[in-house]
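# Structural features, examined
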Amino acid sequence: MKSGFVNKILSGILAVVLAVMMFSGCNPVIADMSETAATVQNKIEYNFQYKDAGLAYGEITVSTAEPGDYQLFWGDENGNKLTYNGVEFTELADITTTESNLTATYKTPSTYTVIPQGADKLLLMNSESETISTYDIPAGKKFNEGSLSYKFGLMSDVHYNRYNDFSADDSVGAFDNALKFIHNQGIDFVGLTGDLSSNGEKTAYTKFKTATDKYPQMTVYTCMGNHDVHGMKYFNQFVNTKKKTDKHIKNINSNGVDFVYEKQGDIFIFLSQTRWSYNSKYSNLLEKQQLNWLEKNLNTYANKNVYLFFHTYFASENGDVTTAVGNLKNPGGYTYDLTYTFGTDDEKRFRKLLNKYANVTMFNGHSHWAYDQQKYNPNLNIGNINSKKTGASVVHLASVSAPRTIEANATQREENNGKISQGTVALKYKNSTVYLSTDFKAGKYMADASYICHDGKKTTPVPAVKTGKSKIKFVGKIRKVSKKSKKYKVLIKYKKVSHAYKYEIQYSTNRKFKASKTKTRRTKKIKYTITKLKNKKTYYIRVRAYRYQFGERVYGKWSKVRKLKIKKKKK
């Protein structure tokens, strides 16, 4: 039987059936095949790379019925765009499908990307902001870190007086607006990684004080950046003024700009860059004493969560600055050039500490890169000091006044002052911290640049060492240094002190060992000959042992003072 004849018979039967239905009062319903196809074709598939709850890392495949531009948003249980504390999240991703390919795949940029608290669905929305498909997040993947402990704000690189002239300083409005946003989110503590000024000028620090004084219930602390190093006097005068009376301050370094702050049992260390020195094997950003101070404090708080504020970012462990947390290289070959110089003495020691203390999270700024520039380096905004993730976590903060961007093949960056303003809101949970990158200009949290970082391993602090008291057990005869000399010498011996590195001998013509009248000598031996003693003088002698811990000397108690009179007759 021919197919044409069969089709005629079927068409006739269908016509008869329709006529009978209409005669009997029934209205036939013809399905809209195009609508059905669209319902089937608009869909989201999510391939998670990790099983851990709250981790968004993976590939999202989107299929659409029609070509066009689409967006993915986190959604709540009711299918609305997700908000946190009244603030909306931006899109997670922009998706484009074409007539030749109605399927597109998006890979989350960072392994740390978070599924925010309250996210129940993933929404696919068209250019008219209509939800055309949803994906239900599996129960085991939803955020599950328990109750929130507290929140704090994070910013960097305010740079008063650097962008636009003093009367129309773009940084004034940017920082004021950011503080307002933070305050409205109920946050009472903000930490910055420095560069408040253009070149350490007084007006920058007074502007900063004016801005922060508007919120007397909010504590705002910062370290110094490279642009601040020449203005330490004014920095100490107008910045971090609360720390003088703040009961939460646990330790202040002798330089006045490094200090330790405690909040609900967690430790915040502000370590100031005190030198501007890059791109040389002799480049040092920190004094040796600062690293001694840091090492001692990191040991003290090895059993706590520690947040460390320092301005300049580190290169990757192999010295590559382009893959560092805080830097990038665009396809055109442009990269920021003022990295902490790899391999200098202070850099090596600092890096060693960050590799040792996994309980530390270090915040840096300096490069200003906007958060979305992670498209050139997925590690730009968050990572670890080493590739095995066994050391300190590292978080990059964009500039609050001028987050930099660069086009793919450009050789010059855009500063964006007055156009973009970014920072971070941190949410502290029992075992993790969530970092919500924030677009202060738009007043939104950035879904594509929000992360979860689980607390690193804590260790037991090494106890402070003690050095035993010294004892002088022998003072020899007074002898001439030489036959022709008018000076004298004397041998002293003292008790060996356990674990001593060296012994410090002091002799003075002043019983109180006044500095101008005192000589100090050091030796590893348990005897020492004091020379160049003058006739008809009375000397006071004492000894103490010392050893090292965290780069600093740990002294034992002085011995009892021995009195020695030089009284020789001329021959």
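None of the values given here were measured: they were computed from a predicted structure.

### Considerations on the sheet that holds strand E2 (residues 58–63)
Note: strands within a sheet are paired through backbone hydrogen bonds, in either parallel or antiparallel orientation. The strand order E1-E2-E7 describes an open sheet built from 3 strands, whose pairing is antiparallel. The open sheet has two free edges, formed respectively by strand E1 (43–48) and strand E7 (103–107), since each of these has just one partner strand. In this sheet, adjacent strand axes meet at a mean angle of 15° when their direction is disregarded. Note: E1 against E2, 6 bridges, orientation antiparallel. Bridge pairing in E2 links Ile 44 to Val 62.

### Quick word on the side chain of Asn 297
Along the chain, Asn 297 turns up in helix H6 (residues 288–300). By relative accessible area, Asn 297 is classed as buried at 5%. For Asn 297, the contacting residues outside a window of four places in its chain are Asn 251, Val 260 and Ile 269.

### Some points on the environment of Asn 417
Relative to the assigned elements, Asn 417 resides in the loop between strand E19 (393–396) and strand E20 (422–428). When the C-alpha atoms of Asn 417 and Lys 207 are compared, they prove to be 17 Å apart, with 210 residues separating the residues in sequence. Aside from chain neighbours lying at most four places away, what touches Asn 417 is Tyr 163, Asp 170, Ser 401 and Ala 402. Here the side chain of Asn 417 touches Asp 170 through a polar contact of 2.7 Å, side chain to side chain.

### What to know about H6
Given a rise of 1.5 Å per residue, 13 residues ought to cover 18 Å, and the 19 Å separating the end C-alpha atoms of H6 matches this to within 8%. All of the buried residues along H6 are Gln 290, Leu 291, Asn 292, Trp 293, Leu 294, Glu 295, Asn 297, Leu 298 and Asn 299.

### Digging into the sheet that holds strand E8 (residues 121–125)
Read from one edge to the other, the open sheet built from 4 strands follows the order E6-E3-E8-E9, with strand pairing classed as antiparallel. On the outer flanks of this sheet lie strand E6 (93–97) and strand E9 (131–136), each paired with one strand and no other. Within the sheet, the average angular offset between the axes of one strand and its neighbour, ignoring direction, is 25°.

### Points about the confidence of the model for the chain
With 92% of its residues at a pLDDT of 70 or more, the chain has an overall mean of 92. The model gives residues 1–40 a pLDDT under 50, and that stretch makes 5 contacts with residues more than four places away or in other chains.

### Remarks on unusual backbone geometry
Non-glycine residue Ser 129 carries a positive phi angle of around 60°. With phi around 70°, Asn 161 is a residue other than glycine that occupies positive phi space. For Asn 161, the position within the fold is in the loop between strand E10 (150–155) and helix H3 (170–184). According to the relative accessible area criterion, Asn 161 is buried, its value standing at 8%.

The rules behind the values
Residues numbered from 1 in each chain as written. Predicted model: local features only at pLDDT ≥ 70, side-chain atom pairs only at ≥ 80, totals over all residues. Heavy atoms only, no water. Pairing = 2+ DSSP bridges. Helix = DSSP H or I, 4+ residues; strand = E, 2+ residues; numbered from the N terminus. Axes fitted to C-alpha atoms, helices over the stretch in contact; angles between N-to-C directions. Buried < 20%, exposed > 50% of the residue type's maximum accessible area, 1.4 Å probe, protein only. Contact = heavy atoms within 4.5 Å. Polar contact = N/O pair within 3.5 Å; in protein donor to acceptor, adjacent residues only side chain to side chain. Expected span 1.5 Å × (residues − 1). pLDDT = per-residue confidence, 0-100.

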